[in-house]
Structure formats: C-alpha cells, structure tokens
Amino acid sequence: MIEEKLLELSSPIDGAIIHPPNGIKFNDGPLVDVSGKVLTSNPVYVNGMKARREGNIFTSSIVLKGKQTEIVATSGQNRDISRVILDPNQELRYSLSIDDNIFFLWDIFIRNPTSLFDNFYLRGLRDLHNKYDAKFTLNLFYEVSDRYSGTFGPFSLNQFPTEHKKEWEDNSNWLRLAFHAFNEFPNRPYQQASPERIAEDFDLVKEEIIRFAGSAYTPTSITHWAMLPRESFPSLRKRGVKTMCGYFVPNKNKVSKDDLSYDINYCFNDKISRYLSENKAIMDFESGIIFCSLDLLFNATPLNEIKPKLESIVINPRKIGVITLSTHEQYFWPQYKAPSTWFSDDPSGAMRRSPGMMMEYKHIPDHFQRLEAGIKTITENGYKPVFLNESYDL
C-alpha cells in the first residue's frame, strides 16, 4: 500500500506540458494555477511565496519562465517538486490517427489496382485531405486475424507488393503508416509483454512498411490497447517514438482497492492518469516520451454529437494545444461484423456497439461523415493538421 504524502502538488504535475493559452499572459510568461494537498499544520510556500490554504488544500499561482519551470512546494521539512514545460509552439494543431489497419492492404493486395486510391478507404481519406488539408496516420497490424476467415484475409504485410512505393512516398506529406501490433488478437497484447517482444513486433512492422512504402513510414503514436509496461518505454524512444496517445478512462473492471482506477493508460499510476484525463500532455522525463490524452473517438461518437463535443474541447483551457482525434479502420467496411464476446474486456468504449446491436460490432454507415464533421469543425476553429509524432518540439 502506498503511503500518503504529507505534501503533494496535484496540478500541474511533474512533466506537465502547458500550451501558452492554458495560462493568462502576465509580464514575461503565462500565469498558471498551482494546487496541492497538505497534511501538516505548517504554512505552505510555493517558490518562496506563501500559498492560500483551505483545510488540506493549498493553491497559488506562478509565472512560467523559459522552456522549463521548477515549481517547489514546501511545508516545514516537507517538499514536493513539479517540472513544468512550456510548449514553445503557439500554433493550434490537431492530429488524426486511425487504428487497427490491415483490411485495406489486404484489399489492395487481392485486387491489384493501378492506384492505391482505387481502394475506397484510401480514396475517402484523400478526399478529406484535398478538401481540408487533413493528415492521417494509419496504425497497422502485421497480419489479418484468422477470426475473420471467410470475410477478410488471410494476409500479412510481407505479401504486400512494392509496386506502389512511389505513390506512397508521393503522398507521405499527408498520409503515413505506423506500427500498431502484430495481430488484433489477443486483446491487450503488450500489457504484460517483455520490452524485447514489443520491440520485435515493432521492428517487424516497421521493416515491412519501409520495404513497400518507404518514406511514408512514421514511428507509432499508439500501440494496440495503449497498455505497455513502463520498462518498454526506453526501447520505443530509441526507435523514434516521441509522442504516445492514450484514452486515460476510468477502469470499469476495477475490483479491489489495489487495482488501477484508470485504463487504456500505458499502465500509469492514478495520479498521472487522472491528470491526463483532464489535461492534455506530460513529458515522461525518464524515457523522454510525451504522453497525451485522446480527445475524440469517431467510432464511439454519434454524428450529431461530434461538432458540439469538439467545440467544448477547443474552449477548454486544459485541453488546448494539440487536439487528438482517432477511430478504427474496421468500421468503414460494410462486411465487418464481430461478436461482442471478442471484446468483453473493453472498458474504454473503443469498441462501442452499433446502435441497436447488442450482440455484435459492425459497419458504421456514416463513418466518413463523422470524420468530415470533426475535421471541418476543428479546421473552422483555427487548428492545423500535424502528425502526432511531430506535434511537439521540446
């Protein structure tokens, strides 16, 4: 059982990344609110200034100066520190990634079209790019699961031809391919995997992407189910991973008090997960990877809710900076069906059932309309498209 600290900074936490509009401009830097918990009777000081206190909660404000500011709270002999990073890029930007990709590559493989964009899925994404300048990262499985036998596959990336390599590269300014997992199943494939196993799958997918798509390759920004042991972070950073996105949602499978309260969160503790569920991003200083929270999942958000939800996000000072959007490839396919038992351990909402279908997941007919509604809304609010792995320059 973790012993409760006598003094603890709650916000911003260590590694918090603050986009300038998150704070109020004051002299030479943004002014940000500081809060925390104290269990002693001594007064609390934040960077030498006496903090306000109500019961066990203390608050203060501090001006961020330079790229990194150290916030130091003291109370008697107790001390806590948060290193806070100021995002130097003041431009509003958004990223859009699509997970679980493999079906469209199988389709191109078996039909052997003249152009990649003869495939309806890639053509639909290109239409959105041409209309809104949107950019997409497609996160790939290595192979089609045999659970889809008779509907999709069999297929693995080593079968994909190289004849479209120039076309991939010619479109790599807006379309990139990245590692996601070896296979869609089992669920949570890397939650308890060794760093060596994760690195092996990463390298396998990367090598195939480079073989057939060249410069369209980009390091991953989310692994399948976004659950990894912390020991795997350094090897991912060595492979070029700069930013990882997770859901940081309440753990609906929590049974005992020792279980984590959050899920789809890269196995971070509750303090970090709680912060990222309400804020945008942190730097994990040990690995050098930035972790951020997903803002909207298209396959789990009805069309009529997308615009109002995004409009509420872009005015939230805790979320401003890089808005992260995502969805899953399978919902674009009319023949897609999967029994709910395949995803019985999903508390995240990522595999949300189609309306009225309680026993299976299936095609979402207005999936492209949902993407367009989101891209249109975010663009009208002044956000520019970026690839997530290139979205921070810290």
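Everything here concerns the structure above.
Residues numbered from 1 in each chain as written. Predicted model: local features only at pLDDT ≥ 70, side-chain atom pairs only at ≥ 80, totals over all residues. Heavy atoms only, no water.

### Let's talk about the overall build of the protein chain
Point 1. A tally of helices and strands in the protein chain yields eight helices and 23 strands.
Point 2. For 394 residues, the compact-globule estimate of 2.2 N^0.38 gives 21 Å, and the protein chain sits close to it at 22 Å.
Point 3. Across its three principal directions, the C-alpha atoms of the protein chain cover 70 × 45 × 40 Å.
Point 4. Looking at the protein chain as a whole, 56% of its 394 residues are labelled buried.
Point 5. Approximately 17,400 Å² of the protein chain is accessible, and the part contributed by carbon and sulfur atoms is 49%.
Point 6. On the protein chain, the mean spot of the 46 positive side-chain charges and the mean spot of the 50 negative ones are 5 Å from each other. (Helix = DSSP H or I, 4+ residues; strand = E, 2+ residues; numbered from the N terminus. Rg over C-alpha atoms; globule rule 2.2 N^0.38 Å. Buried < 20%, exposed > 50% of the residue type's maximum accessible area, 1.4 Å probe, protein only. Areas by Shrake-Rupley, 256 points an atom, 1.4 Å probe, with all protein chains shown as cover. Lys, Arg positive; Asp, Glu negative; His and termini not counted. Charge placed at Lys NZ, Arg CZ, Asp CG, Glu CD.)

### Comments concerning the sheet that holds strand β2 (residues 17–18)
Point 1. The strand order across the open sheet formed by five strands is β2-β10-β9-β5-β6, and the pairing between neighbours is mixed. On the outer flanks of this sheet lie β2 and β6 (49–50), each paired with one strand and no other.
Point 2. Pairing between strand β5 (residues 45–46) and β6: two bridges, direction antiparallel. Bridge pairing links Val46 to Met49 in β6. (Pairing = 2+ DSSP bridges.)

### Details of the sheet that holds strand β17 (residues 281–284)
Point 1. Taken together, the three strands give an open sheet; going across it, the order is β14-β18-β17, and neighbouring strands pair in mixed fashion. If you trace the sheet from one side to the other, it starts and ends with β14 (243–246) and β17, each paired once. Between one strand axis and the next, the sheet turns by 25° as a mean value, whatever way the strands run.
Point 2. Here four bridges tie β17 to strand β18 (residues 289–293), and the two strands are oriented antiparallel to one another. Across the sheet, residue Met283 finds its bridge partner in β18, namely Ile290.
Point 3. Helix α6 (residues 270–278) rests against β17 and β18 of the sheet, and its axis sits at about 145° to β17. (Axes fitted to C-alpha atoms, helices over the stretch in contact; angles between N-to-C directions. Contact = heavy atoms within 4.5 Å.)

### Some details on empty space enclosed by the protein
Empty space among the atoms becomes visible once a probe the size of a water molecule is rolled across them.
Point 1. This model, assessed by the stated rule, comprises four cavities of 30 Å³ or more.
Point 2. Of the residues in the lining of the second largest cavity, the class split is six nonpolar, two polar and two charged. (1 Å grid on protein atoms, 1.4 Å probe; cavity = no way out; pocket = protein on both sides within 12 Å on 5 of 7 lines; lining within 4 Å. Points joined across faces, edges and corners; volume = space filled by probe spheres on them. Nonpolar A, V, L, I, M, F, W, Y, C, P; charged D, E, K, R; others polar.)

### Considering the nonpolar core
One recurring pattern in soluble globular proteins is that nonpolar side chains are buried together.
Point 1. Formed by 118 residues in total, the largest nonpolar core has its most connected members in Phe104, Leu122, Phe136, Leu138, Trp168 and Tyr266.
Point 2. Broken down by element, this core gets its largest block of residues, six residues, from helix α4 (residues 195–213).
Point 3. With residues near it in sequence (within four places) discarded, Leu122 still touches Phe104, Ile108, Leu116, Phe117, Leu138, Trp168 and Leu175. (Core = buried A, V, L, I, M, F, W, Y, C linked by side-chain atoms within 4.5 Å.)

### A closer look at helix α2 (residues 120–132)
Point 1. Counted at 1.5 Å a residue, the expected span for α2 with its 13 residues is 18 Å, and the 18 Å between its end C-alpha atoms agrees.
Point 2. Buried within α2 are the following residues: Tyr121, Leu122, Gly124, Leu125, Leu128, His129 and Tyr132. Viewed along the axis of α2, the buried residues span an arc of 160°, placing them on a single side of the element. Seen from the open side of α2, the exposed residues pointing more than 90 degrees away from its buried face are Asn130 and Lys131. (Expected span 1.5 Å × (residues − 1). Arc of directions from axis to C-beta.)

### Structural notes on unusual backbone geometry
Point 1. In this structure, Pro12 follows Ser11 across a cis peptide bond, with omega equal to -5°.
Point 2. With respect to the helices and strands, the residue Pro12 is situated in the loop between β1 (7–11) and β2.
Point 3. Its identity is not glycine, yet Asn112 carries a phi of approximately 50°, on the positive side.
Point 4. With respect to the helices, strands and loops of the structure, Asn112 is situated in the loop between α1 (103–111) and α2.

### Some remarks on the packing of aromatic side chains
Point 1. Within this structure, the stated rule accounts for 31 aromatic pairs.
Point 2. Between the aromatic rings of Phe179 and Phe202, the centroid separation amounts to 5.4 Å while the plane-to-plane angle is 50°, which identifies the pairing as tilted. One end of the pair, Phe179, is in strand β13 (residues 175–181); the other, Phe202, is in helix α4, and 23 residues separate them in sequence.
Point 3. A relative accessible area of 0% means that Phe202 is categorised as buried.
Point 4. Aromatic pair Tyr331 and Tyr336: ring centres 5.6 Å apart, planes at 75°, arrangement edge-to-face.
Point 5. Overall, Tyr336 belongs to the buried group, its relative accessible area being 0%.
Point 6. Three or more aromatic residues joined by ring pairs form one cluster here, namely Phe103, Trp106, Phe120, Tyr148, Phe152, Phe185, Tyr331, Trp333, Tyr336, Trp342, Phe343 and Tyr361.
Point 7. It is Arg83 that lies over the ring of Phe285; its NZ or CZ is 3.9 Å from the centre. (Phe/Tyr/Trp six-rings, centres within 6.5 Å; stacked < 30°, edge-to-face > 60°. Lys NZ or Arg CZ within 6 Å of the ring centre and 35° of its normal.)

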